[in-house]
Amino acid sequence: MSTSIKPSSQDERFAEVFGAPLDQLLAAPHPTRHLREALELRAFLAVTEDHVVWVRDRVHERSAPDRPMDELSEDDLRMDAEWMEAALQARRGYLTALDKVLRFEPPPEYQPAVTFPQPMVSARAVPAEQTTARAKGR
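Residues numbered from 1 in each chain as written. Predicted model: local features only at pLDDT ≥ 70, side-chain atom pairs only at ≥ 80, totals over all residues. Heavy atoms only, no water.

K.L.:
Please set out the overall build of the protein residue by residue, giving values where relevant.
P.N.:
Regarding its fold elements, the protein presents five helices and zero strands. Along the protein, from the amino end to the carboxyl end, the secondary structure elements read α-α-α-α-α. Sorting the 138 residues of the protein into buried and exposed places 22% on the buried side. As displayed, the protein has an accessible area near 10600 Å², and 57% of this comes from carbon and sulfur atoms. (Helix = DSSP H or I, 4+ residues; strand = E, 2+ residues; numbered from the N terminus. Buried < 20%, exposed > 50% of the residue type's maximum accessible area, 1.4 Å probe, protein only. Areas by Shrake-Rupley, 256 points an atom, 1.4 Å probe, with all protein chains shown as cover.)

This is how it looks when you write it as structure tokens:
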């Protein structure tokens, strides 16, 4: 399965922020830089969440109530705990980065248009009668 289509815990949020379902966002012909970055972080998050699930399932299998007690290995469980800690730490990091991208860099359609200050005219117009009088007086 491609990492871009693995489910993640943030898929609904993508639809809310970008206003389209994830499959449409993934198929966008010309994604913005913002969308590309968000989708890349989402793909990393999806892989990391898979790792969390794998370790959790492995721990459940190793410690299942129907397994013989003699098969329990503190070394294996210690290693699983280290794997779980690393996977959860990575997940937190990706969630934090993705949250920043989605919260602090709104998509272009929601960004206000750039406006430039309009120049102020500081000269006053001279009435037409004064300009003709000056022209005759020369």
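Read on for the rest.
K.L.:
Any chance you could break down the pattern of salt bridges for me, citing the residues and the numbers?
P.N.:
Going through the model one piece at a time under the given rule, you end up with twelve salt bridges. The salt bridge involving Asp57 is made with Arg56; its shortest N-O contact spans 3.1 Å. Between Asp75 and Arg78 there is a salt bridge whose closest N-O contact spans 2.9 Å. Linking Asp75 with Arg78, this pair stays in helix H4 (residues 74-104), spanning three residues, or about one helical turn. Connected through salt bridges with shared partners, the residues Arg13, Asp99 and Arg103 form a single ionic network. (Salt bridge = Lys/Arg side-chain N within 4 Å of Asp/Glu carboxyl O.)

K.L.:
Can you explain the packing of helix H1 (residues 11-18) against helix H3 (residues 33-62)? Please cite residues and give values.
P.N.:
Direction vectors running N to C along H1 and H3 enclose 170°, while the axes themselves pass 12 Å from each other. Relative to H3, the element H1 lies roughly antiparallel. In contact with Asp11, Phe14 and Phe18 of H1, H3 contributes His34, Leu35, Ala38, Leu39 and Arg42. Among the residues forming the contact of H1 with H3, the class breakdown is five nonpolar, one polar and two charged. (Axes fitted to C-alpha atoms, helices over the stretch in contact; angles between N-to-C directions. Parallel < 35°, antiparallel > 145°, perpendicular 65-115°, else oblique. Contact = heavy atoms within 4.5 Å. Nonpolar A, V, L, I, M, F, W, Y, C, P; charged D, E, K, R; others polar.)

K.L.:
Lay out the packing of H3 against H4 in plain terms, naming residues and giving numbers.
P.N.:
Two elements in contact, H3 and H4, have axes whose closest approach is 9 Å; the angle formed by their N-to-C orientations is 160°. It follows that H3 is roughly antiparallel to H4 by the angle criterion. The two elements H3 and H4 meet at a crossing, and its hand is left-handed. Of the residues assigned to the contact of H3 with H4, the class counts are 19 nonpolar, three polar and eight charged. (Left-handed = near helix turned anticlockwise from the far one by under 90°.)

K.L.:
Give a detailed account of the environment of Arg56, specifying residues and quantitative values.
P.N.:
Assignment of secondary structure puts Arg56 in helix H3. A relative accessible area of 38% places Arg56 in the partly exposed class. For the pair formed by Arg56 and Met84, sequence separation is 28 residues and the distance between their alpha carbons is 7.5 Å.

K.L.:
How would you summarise the nonpolar core if you had to cite specific residues and measurements?
P.N.:
Phe14, Phe18, Leu25, Ala38, Leu98 and Leu102 are the most contacted members of the largest nonpolar core, which totals 14 residues. Looking at which element gives the most residues to this core, the answer is H3, with five residues. When residues no more than four places from it in sequence are discounted, the contact partners of Leu25 are Phe14, Phe18, Ala20, Leu35 and Leu39. (Core = buried A, V, L, I, M, F, W, Y, C linked by side-chain atoms within 4.5 Å.)

K.L.:
Residues and numbers for the side chain of Gln10, please.
P.N.:
Position of Gln10 among the secondary structure elements: in the segment before H1. A relative accessible area of 15% places Gln10 in the buried class. Residue contacts for Gln10: discarding those within four places in its chain leaves Leu45, Leu95 and Leu98.

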